[in-house]
Amino acid sequence: MYREVTMIEFREVLRLWQEQVPKKRIAAQLGLDPKTVRRYLRAAEAGGLGAEMETLSDEQVRDVLLTLQPSGGRPHGEDWTRCGEQREAIQHWLVEGLRLTKIRKLLARQGVSIGYPTLYRFAVEQLQFGRAATTIPILEGEPGQELQVDTGWVGWLTLPLSPQKRRRFRAWIFTAVLSRYRFVYPTFEETTARAIEACEAAWQFFGGIFRVLIPDNTKAIIVQPDALTPHVTPAFLEYTQARKFHVDPARVRHPRDKAKVERAVSTVRDDCFAGEVLATLDDARVHASHWCREEYDLRRHSRTQRPPREHFEAEEQSVLLPAPTTPFDIPLWSTPKVPRDQLAVVAKAFYSIPHSHVGEFLSARADQQTVRFYHHNVLIKTHPRKPPGGRSIDAQDYPVERSVYALRDVQSLQRQAASYGEAVGRFAAALLDSPLPWTRMRRVYALLGVARRYGAARVNEVCAIALTAEMFDVRRLQRMLEQAATPSAATPSAAASTAPLPAMRFLRPASQYALPLALREPSSKKGDDPR
């Protein structure tokens, strides 16, 4: 078999040769065959090297070694030649995803018989078949620049009341790219609120803010993944603006984009939480923080050959952005639709929206104090934040004819009635004179409809008559207006049309309606007819 010649062996042969050591003695000392030693020395003499030379340059030794290397290797057979003739067809089938066994069958159908070993060697050497893409190490950047984050299921909580039952939890894992300093934050959910909460805890753990965060394409941070223009969720984007750092998410199905944290999930699961008995999520967070500071980050890292904590404190901690001193008010973004009742729902609370936006989708931003509604990025309404089930209603959002009834505003309804006349206002007040005035609002609405139909003047006169007679029935009031003669039919003059109706009285004296009564004589016997 061929044995590769190393530079050290060749230099040692030349050194002993210069010391006038016999060739067989050189072969015995170095464990080489005498023929091999003779071949070395012949190549050295052919390359211009002599025994009298005191120093040899690396270039001279390299040239001689190249002459000793085999040039061709084992010659190829006829199958290799056939593979070369079918090169384009084989390459086309490989691009389409066909297996080599299938390609061999297709070639056999065309009358080309090739052995599988030869076909495999040809595909590997000539067509790059089965070779993984070359991994190019990426520059790790300056200290304090990049922080990679990943999530995964890492452990279980043992419920105190039911030891047989356990609850699974996940963790947000942060790893500094340069120092490999790591922070673990356990949580139950993978939402935008939990992502912001984990980042806030990470800034406190590191003592500052990294300038670039590299997450995967979790829905909690990235609403629409894209290799060129990924879309960050509105709440997390607002958080990055408040904390002044950037988000550079990894590409989909490209774990090497965040290689420093990609294998951290299994390490945290097996080394941090495996075998631990934890009752609450707070216990898990305390244990994870202690594991990061006192165990994992004190070990010597195999790549940097430095403990991550020492490396971080020496080079990165001083260049981080200042850590936040006030908690971040996590916003809640949603897109509610305005229904017919004009009450948009945000976090199970109801907020009134102007009537012109009924049926439209709005963008709502809710924080701890206020709720803002936007239409095409224009602020249209602001409400104070209400708890679930609460309501915040602005009367100005509703039409006047609907807001009074919706808000049970009896005072406004009475003012509308008074605008038709003083008697109409008093009649409406009499209708609303009740311990539950909103139960009689429909009667006032009917009164306003009568006033609009028959005119304010006529209704005001009839209301005055009805108040004198203490009659408070809107239907009877409407019949009085229907049965009364119109002003033009009663008298042609305008003055007569505005004259009040005469008081109701009898046309003849009451004595004319009296009937004479005949007096009866007392009877002498019981049962006798008085006649």
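Preceding this paragraph is the structure being described.
Here, residues in each chain are numbered from 1, in the same order as that chain's written sequence. Where local features are concerned, this predicted model is filtered to residues with pLDDT of at least 70; where side-chain atom pairs are given and counted, the filter is 80 or more; whole-chain, interface and lining totals use all residues. Side-chain measures here rest on the full set of heavy atoms in the structure, leaving out hydrogens and waters.

Visitor: Describe the nonpolar core, and please don't skip the residues or the numbers.
Guide: What is meant by a nonpolar core is a set of buried Ala, Val, Leu, Ile, Met, Phe, Trp, Tyr and Cys residues, joined one to another through side-chain atoms within 4.5 Å. Summary of the burial criterion: residues with accessible area below 20% of their type's maximum are buried, those above 50% are exposed, and those between are partly exposed, where the area comes from a 1.4 Å probe applied to protein chains only. Among the nonpolar cores identified, the biggest contains 48 residues, and Trp172, Phe174, Val184, Trp203, Phe206, Phe236 and Phe273 are the most heavily contacted of them. Every element with two or more residues in this core is listed here: strand 1 (146–158), strand 2 (166–176), strand 3 (182–187), helix 9 (192–206), helix 10 (234–243), helix 12 (264–273) and helix 13 (281–294). We call two residues in contact whenever any of their non-hydrogen atoms come within 4.5 Å of each other. With residues near it in sequence (within four places) discarded, phenylalanine 174 still touches Leu147, Gln148, Val149, Tyr181, Arg182, Phe183, Ala198, Cys199, Ala202, Phe206 and Leu213. Within the second largest apolar cluster, 26 residues are counted, among which are Ala423, Met441, Val444 and Val450. Numbering of helices and strands runs from the N terminus, with a helix taken as a DSSP run of H or I at least four residues long and a strand as a DSSP run of E at least two residues long.

Visitor: Account for helix 12, with residues named and values stated.
Guide: Those residues of helix 12 that sit buried are Ala264, Val265, Val268, Cys272 and Phe273. Down the axis of helix 12, the buried set is contained in an arc of 100°. They therefore lie on one face. Where helix 12 is buried, its residues contact strand 1, strand 2, strand 3, helix 11 (259–262) and helix 13. What the arc covers is the set of directions going from the helix axis to the C-beta atoms.

Visitor: Explain unusual backbone geometry residue by residue, including any values.
Guide: Negative phi is the rule for most residues except glycine; trans is the rule for most peptide bonds. Even without glycine at this site, lysine 244 takes up a positive phi of about 65°. With respect to the secondary-structure elements, lysine 244 resides in the loop between helix 10 and strand 7 (246–247). We note that arginine 253 has phi near 55°; this positive angle belongs to a residue other than glycine. Since its relative accessible area comes to 76%, arginine 253 is described here as exposed.

Visitor: Lay out the packing of aromatic side chains in plain terms, naming residues and giving numbers.
Guide: Aromatic ring pairs: the centre-centre distance and the angle between the two ring planes describe each pair. The aromatic pairing rule takes the rings of Phe, Tyr and Trp, using the six-membered ring of Trp, and pairs them if the centres are within 6.5 Å, calling planes under 30 degrees apart stacked, those over 60 edge-to-face and the rest tilted. Scanning all chains against the criterion turns up 25 aromatic pairs. Ring plane angle 25° and centroid distance 5.3 Å describe the contact between tryptophan 291 and tyrosine 296, whose orientation is recorded as stacked. Residue classification places tryptophan 291 among the buried positions, given a relative accessible area of 1%. The structure contains a cluster of three or more aromatic residues connected by ring pairs, namely Phe174, Tyr181, Phe183, Tyr185, Phe205, Phe206, Phe210 and Phe312. We note arginine 166 situated over the ring of tryptophan 156; from NZ or CZ to the ring centre the distance is 4.6 Å. Whether a charge lies above a ring is judged from NZ of Lys or CZ of Arg, which has to be within 6 Å of the ring centre and within 35 degrees of the ring normal. Directly above the ring of phenylalanine 350 sits arginine 391, whose terminal nitrogen or CZ lies 5.4 Å from the centroid.

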